[in-house]
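# Commentary on secondary and tertiary structure
If you want the building blocks of each chain, they are given just below.
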Amino acid sequence: MSQAKYKTDEKVSDEMIEDITRIELGQASVSSDGKGLQDKAAEGRLRRKMDRHIMPIIFVLYLFCFIDRTNIGNARLVGLEKDLGMTGYDYNLSLTVFYITYIIVEVPSNLVSKWMGPGRWLPICCMSFGLISLCTAFVQNFTGLCVARAFLGLAEGGVLPGFAHYLSRWYRKDELVFRLAGYILAAPLAGCTGGLLASGILKIPSIGSVDSWRMIFLIEGLLTIVISFACAFLMPDTPDKARFLNAEEKALAEARLKREMTVAIDIVEKTHKTTVRQGIFNINTWLIAFSFLWVNLTIQGLSVFLPTIITSLYPNESVVTRQLRTVPPYVAGAAVSLMGPYLSWKTGKRAVIMLCTIPLSIIGYTIFLATDNPNAGYGACFLALSGCFAFGPYHSAWTSINAAPDAARAASIAVVVSVGNIGGILATWSYLPTDRPRYMIGNGLNLGGTSLIFILTLITWWYQAWENKQRDLGRRDHRLEGKAPAEIALLGHRHPQWRYSH
């Protein structure tokens, strides 16, 4: 990045230009005159400012996204199936329809987000799924519920990959996993909030013909619409468009991201078919995607079936008590899903922390299979959720920091989340009514899935280390032969100087 670029803005001081240049050259931590400490302090102030303005918006939006997705589990406890004449596997079918449309829309949605700008596109998606959740309050039969769930999948499909791509425009590699955890933390907290909200909403008198489970969809959908509309005015696409940053902070935000790039000219380049393809057809992307499939089997299964599992463990308790019992396991999952990514941020390590976390879920599902004691089963819920919920941010961050340029990153994240949500489809059939009360099939499937996550994480770690070694030995240098500077700038993660981060 040239010094002349910053001279065009009179508000940027000469001292700041020197600081930014050192950051770009990787000298911020080695200066002998004390400037390095100043640079790190400036970055710290910038990071905290972005955290204050960006993270609360992302967190709240994803919280209500997950509430609107999983509130069907709470509605099931208070008569959804009976009122809509659902029998047998109808509930599972209604869940499956959601994930089919959810998967289809993820890659196109991320490309639209890049074209339109995530600051506009993502709030539109959030308002849409809030509206559809509200409309679900008025469905009259099983067919109507399936149609509503299909449209909900279309609206929500682009949200998770969209937010991951959005944050990669603001934060450096080692900072990203903790920020992703900060909003994906909303998933377990949505379980807590959803259970508490459902318990409170059920005490509200009916509104016309809307009562019981219909009130859950109506009120939660309305809340989502209002919050999404407000957030639409608060989300800048990139740091250079942020009103809460001054000229020096915008320059620093761009400089620190460019420092991590190999040869890219711009933080956000124009979309090219070549860069989209290299994001999709990438070994690293697909290894993480297949691992994320099994992560979603566990996360989505527990998200929609935890109230059902709690009911099978404590069939004689009241509906409200069972709703409240879903809260503590989610709190435990939220704590671990924040602690692990925090350690990842501070140590710069991902794979080793992932390998230390997933055994919690493996132990949890082993307990489910080994005993029919309800208290032991309830304890297993804590372990299963604690081990799996942190893997959402791990996989999103691991994908984002190992794909470049921006279009390749957007495509790569979308592929990982799309393939991952095939696990969501499997999850809808993992806990079948014929398998109650111990759900041996579902728990056995999840035990196998969590074991595969462990194995695939090891393989991905090995592949990244091996590929870095090949580049150290010069075995990828041929990719530069015969290419113009503009073509080299688009190589991104395929550039010989790029190194995978694990």
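Parameters at a glance
Residues numbered from 1 in each chain as written. Predicted model: local features only at pLDDT ≥ 70, side-chain atom pairs only at ≥ 80, totals over all residues. Heavy atoms only, no water. Core = buried A, V, L, I, M, F, W, Y, C linked by side-chain atoms within 4.5 Å. Buried < 20%, exposed > 50% of the residue type's maximum accessible area, 1.4 Å probe, protein only. Helix = DSSP H or I, 4+ residues; strand = E, 2+ residues; numbered from the N terminus. pLDDT = per-residue confidence, 0-100. Contact = heavy atoms within 4.5 Å. Axes fitted to C-alpha atoms, helices over the stretch in contact; angles between N-to-C directions. Left-handed = near helix turned anticlockwise from the far one by under 90°. Nonpolar A, V, L, I, M, F, W, Y, C, P; charged D, E, K, R; others polar. Phe/Tyr/Trp six-rings, centres within 6.5 Å; stacked < 30°, edge-to-face > 60°. Lys NZ or Arg CZ within 6 Å of the ring centre and 35° of its normal. Parallel < 35°, antiparallel > 145°, perpendicular 65-115°, else oblique. Expected span 1.5 Å × (residues − 1). Salt bridge = Lys/Arg side-chain N within 4 Å of Asp/Glu carboxyl O. Disulfide = S-S within 2.5 Å. Polar contact = N/O pair within 3.5 Å; in protein donor to acceptor, adjacent residues only side chain to side chain.

### Description of the nonpolar core
Judged by nonpolar contacts, the single largest core of 122 residues is most densely connected at Y62, F163, L167, W170 and Y183. Looking at this core, the element that brings in the most residues is helix α3 (residues 35-76), giving 16 residues. Membership of the second largest hydrophobic core comes to five residues, among which are L287, A404, Y463 and W498.

### Looking at the confidence of the model for the chain
Scored by pLDDT, the chain has a mean of 82; 89% of the residues are at 70 or more. Here residues 1-38 scores under 50 on pLDDT; set against residues more than four positions off or in separate chains, the count is 52 contacts.

### A closer look at the side chain of H395
Inspection of the secondary structure assignment puts H395 in helix α20 (residues 391-400). Residues in contact with H395, not counting those within four places in the same chain, are I288, S291, F292, V295 and M354.

### Quick notes on the packing of helix α13 (residues 273-280) against helix α21 (residues 406-420)
For the pair α13 and α21, the least separation of the axes is 7 Å and the interaxial angle reads 35°. Classified by chirality, the crossing of α21 by α13 is right-handed. In this structure, α13 contributes T275, V276, Q278, G279 and I280 to the contact, and α21 contributes A407, A408, A411, S412 and V415. When the residues that make up the contact of α13 with α21 are grouped by side-chain class, the tally is six nonpolar, four polar and no charged.

### Some remarks on the packing of aromatic side chains
With the rule as written, the count across this model stands at 21 aromatic pairs. Both rings, one in Y62 and one in F66, keep their centres 6.0 Å apart while their planes meet at 50°; by these two values the pair is tilted. Of this pair, Y62 and F66 both sit in helix α3, separated by four residues, roughly a single helical turn. For the residue pair Y62 and F66, the accessibility class agrees, reading buried in each case. An aromatic cluster is built from Y91, F305, Y431 and Y439, whose rings are joined through pairwise contacts. The residue whose ring lies beneath R325 is Y314, and the NZ or CZ to ring-centre distance is 3.8 Å. A cation over an aromatic ring shows up here: R325 above the ring of Y378, its NZ or CZ 5.1 Å from the ring centre.

### Considering unusual backbone geometry
Of the consecutive residues R436 and P437, the connecting peptide bond is found in the cis state with omega at 10°. Structurally, P437 can be placed in the loop between α22 (422-428) and α23 (440-472). Positive phi, close to 50°, is recorded for S212, a residue that is not glycine. Of note, S212 is situated in the loop between α10 (186-201) and α11 (213-231). In this structure, Y439 takes a positive phi of about 50° despite not being glycine. Structurally, Y439 can be placed in the loop between α22 and α23. Residue class for Y439 comes out buried when judged on its relative accessible area of 3%.

### Brief notes about the packing of helix α6 (residues 118-136) against helix α7 (residues 142-156)
Contact geometry for α6 and α7: axes closest at 8 Å, N-to-C directions at 170°. In this view, α6 runs roughly antiparallel relative to α7, as classed from their interaxial angle. Listed contacts from α7 to C125, S128, F129, I132, S133 and T136 of α6 are L145, A148, F151, L152, A155 and E156. Residues that form the contact of α6 with α7 fall into these classes: eight nonpolar, three polar and one charged.

### Structural notes on α23
In this model α23 runs 48 Å from its N-terminal to its C-terminal C-alpha over 33 residues, within 8% of the 48 Å that 1.5 Å per residue would give. Among the residues trailing α23, G474 stands out with phi positive, at a value near 80°.

### Here's the deal with the pattern of salt bridges
Within the structure shown, the criterion is met by 13 salt bridges. When the shortest N-O distance is used, the salt bridge between R471 and E467 registers 3.0 Å. Here R471 and its partner E467 are both found in helix α23, four residues apart, which amounts to about one turn of the helix. Accessibility assignment for this pair places R471 and E467 in one class, buried.

### Points about the state of the cysteines
Considering all chains together, one arrives at zero disulfides under this definition. With no disulfide of its own, C65 has C126 as its nearest cysteine by sulfur position, at a separation of 6.4 Å. Exposure remark for C65: the relative accessible area of 0% places this residue in the buried category. Summary of cysteine pairing: C231 is not part of a disulfide, and the nearest cysteine sulfur, belonging to C126, is at 7.8 Å. Since its relative accessible area comes to 7%, C231 is described here as buried.

### Some points on helix α19 (residues 374-388)
With 15 residues, α19 should reach 21 Å at 1.5 Å per residue; the first-to-last C-alpha distance of 21 Å fits that figure. Buried within α19 we find G377, Y378, A380, C381, A384, L385, S386, G387 and C388. Those residues of α19 that are buried lie in contact with α14 (283-313), α15 (319-325), α16 (327-347), α17 (351-357), α18 (359-370) and α20. One side-chain oxygen of the residue at the start of α19 lies 2.9 Å from the amide nitrogen of N375, identifying that residue as N373.

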